[in-house]
Amino acid sequence: MTSVKNMLPQALVSNLQEALLKRKSDEPSETAAGEAVHPSTSEPSGDSSKPVVLVTNGDGIESPGLAFLVEALVREGLYDVHVCAPQSDKSLWGHSVTHGERIAATSAEINGATAFEVSGTPVDCISLALSGALFSWLKPLLVVSGINRGSSCGYNTFYSGSIAGAMEALICGVPSLSISLNWKENESQESDFKDAVTVCLPLINAVIGDIGKESFPKNCAFKIEIPTSPSSNKGFKLTKQSTWRSIPSWSAVSANRHPSAGFMSNHQSLGLQLAQLSRDASAAGAARRLTTQKKNVEIDSIGAMGKPDTEKVKKYFRLEFSQKEVEDMEEEMDIMALESGFVSHTSLLITYKVYKCGALCVTLLLVLSNLHHTFEPC
């Protein structure tokens, strides 16, 4: 495994090395692997003396990446693990929120953790969890988002629900990590998530060590990208965010959401036509009654309300993303390091920059990747 000394901050390297040494010296216990632990309930039941680690993701609460990660964190026995994750796949919802609509938070059974599944986005999950409305604690020590299926390198960062969960934690003042596995169809398998946990767990422990020593930067989130074969990775590498992205492909599709639903669709179409005829008849009847009563009513306008607008054209499309071949670029770029077998480690900063133009001041919110870990704000 390649040395990480000149790739990460010295304090983090020190904690990481300590965590790796401790992991090698510890013998796995039978209790950790086989003993049943109490399932989660609606009220936090963990040890209040332990630091709280909050876990979310973009793939949904039933994803194997989250399951293996939470299992490992619980098995460590060092943290009070809480989970607040989407109840379904929201991996490409970016930093979207559910505004003005009701969302449900339902308790979920994850051994050893206090868990809720939320009918919202990853950002909803973190915002709700940190609001104090769902959990009784004030603030977790760390938010971990992942392990997500598929990389979030380059411009994919802006689509990623996993990244959005980590960034929302950062906005709320909580240190965060986003972790993704470079999943490849016909090559990756579910057990790779378990290997990915083995890779990233020492890093999580090292980050928590830094937070305890108050040496962890407060204005950034870390993005961890794990290569397709986690167990044969070449080590950790500090990277910059690239401009690589998956290729969006739009295709025209039938008005039927599911091709097999033709029979039901025909019946629904007939029902819509009958409903339209009923509305037309009601409108015409109303017009006649009003005319008989010598009301000043325009019959044509009433009848037109029930007629379909034949001038409108409605088309249906579906978006799919396909992987783009990685072009030659600097080795320090996230996607290059990842495809070369390294665990890519990129810091994302939120900072502000004010531009003055005469009497006009423009403030830009910048989300930047930082190569040298100079964490002082601009």
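Residues numbered from 1 in each chain as written. Predicted model: local features only at pLDDT ≥ 70, side-chain atom pairs only at ≥ 80, totals over all residues. Heavy atoms only, no water.

Looking at an unreviewed UniProt entry, the protein chain carries the name Survival protein SurE-like phosphatase/nucleotidase domain-containing protein, with the source organism given as Trapa incisa. A UniProt comment under Sequence similarities (unreviewed entry) is attached to the protein chain, and it reads "Belongs to the SurE nucleotidase family." (UniProt positions renumbered as here; feature names shortened; annotations may be inferred.)

Enquirer: Help me understand helix 5 (residues 161-171) in this model?
Expert: The α-helix advances 3.6 residues per turn, and as a result positions three or four apart in sequence lie on the same side. The element helix 5 is extensively covered by neighbouring structure, given that 10 of its 11 residues are classed as buried. Restricting attention to buried positions, one finds in helix 5 the residues Gly161, Ser162, Ile163, Ala164, Gly165, Ala166, Met167, Glu168, Ala169 and Leu170. A side-chain oxygen of the first residue of helix 5 lies 3.2 Å from the backbone nitrogen of Ser162; this N-cap is Ser160. Trailing helix 5 by a residue or two, Gly173 shows a phi angle of about 85°, which is positive. (Buried < 20%, exposed > 50% of the residue type's maximum accessible area, 1.4 Å probe, protein only. Helix = DSSP H or I, 4+ residues; strand = E, 2+ residues; numbered from the N terminus. Polar contact = N/O pair within 3.5 Å; in protein donor to acceptor, adjacent residues only side chain to side chain.)

Enquirer: Explain the side chain of Asn57 here, please?
Expert: Secondary-structure assignment places Asn57 in the loop between strand 1 (52-56) and helix 3 (64-76). Asn57 gets classed as buried once you look at its relative accessible area, which sits at 0%. From its side chain, Asn57 meets the backbone oxygen of Gly60 in a polar contact 2.8 Å long. Here Ser63 takes part through its side chain, which lies 2.8 Å from a polar atom of the side chain of Asn57. Residues contacting Asn57, with those up to four places away along its chain left out, are Ser63, Leu66, Ala85, Pro86, Pro122, Ser145, Gly146 and Asn148. (Contact = heavy atoms within 4.5 Å.)

Enquirer: I keep staring at the packing of aromatic side chains and nothing clicks. Help me out?
Expert: Each aromatic ring pair is characterised by the separation of its centres together with the angle its planes make. If you walk through the whole model with that rule in mind, you get 5 aromatic pairs. With a centroid separation of 5.7 Å and an interplanar angle of 70°, the aromatic rings of Phe116 and Phe135 are classed as edge-to-face. Remark: Phe135 occurs in the loop between helix 4 (122-131) and strand 5 (142-149) and Phe116 occurs in strand 4 (residues 113-118); sequence separation between them is 19 residues. Look at Phe116 and you get buried, because its relative accessible area is 6%. Where Phe216 meets Phe222, the ring centres are 5.2 Å apart and the plane angle is 75°; that geometry is what we call edge-to-face. With respect to class, Phe216 is no different from Phe222; both count as buried. In this arrangement the basic side chain of Lys90 is found over the ring face of Trp93, its NZ or CZ atom lying 3.9 Å from the centre. Over the face of the ring belonging to Phe342 we find Lys237, whose NZ or CZ atom lies 4.8 Å from the ring centre. (Phe/Tyr/Trp six-rings, centres within 6.5 Å; stacked < 30°, edge-to-face > 60°. Lys NZ or Arg CZ within 6 Å of the ring centre and 35° of its normal.)

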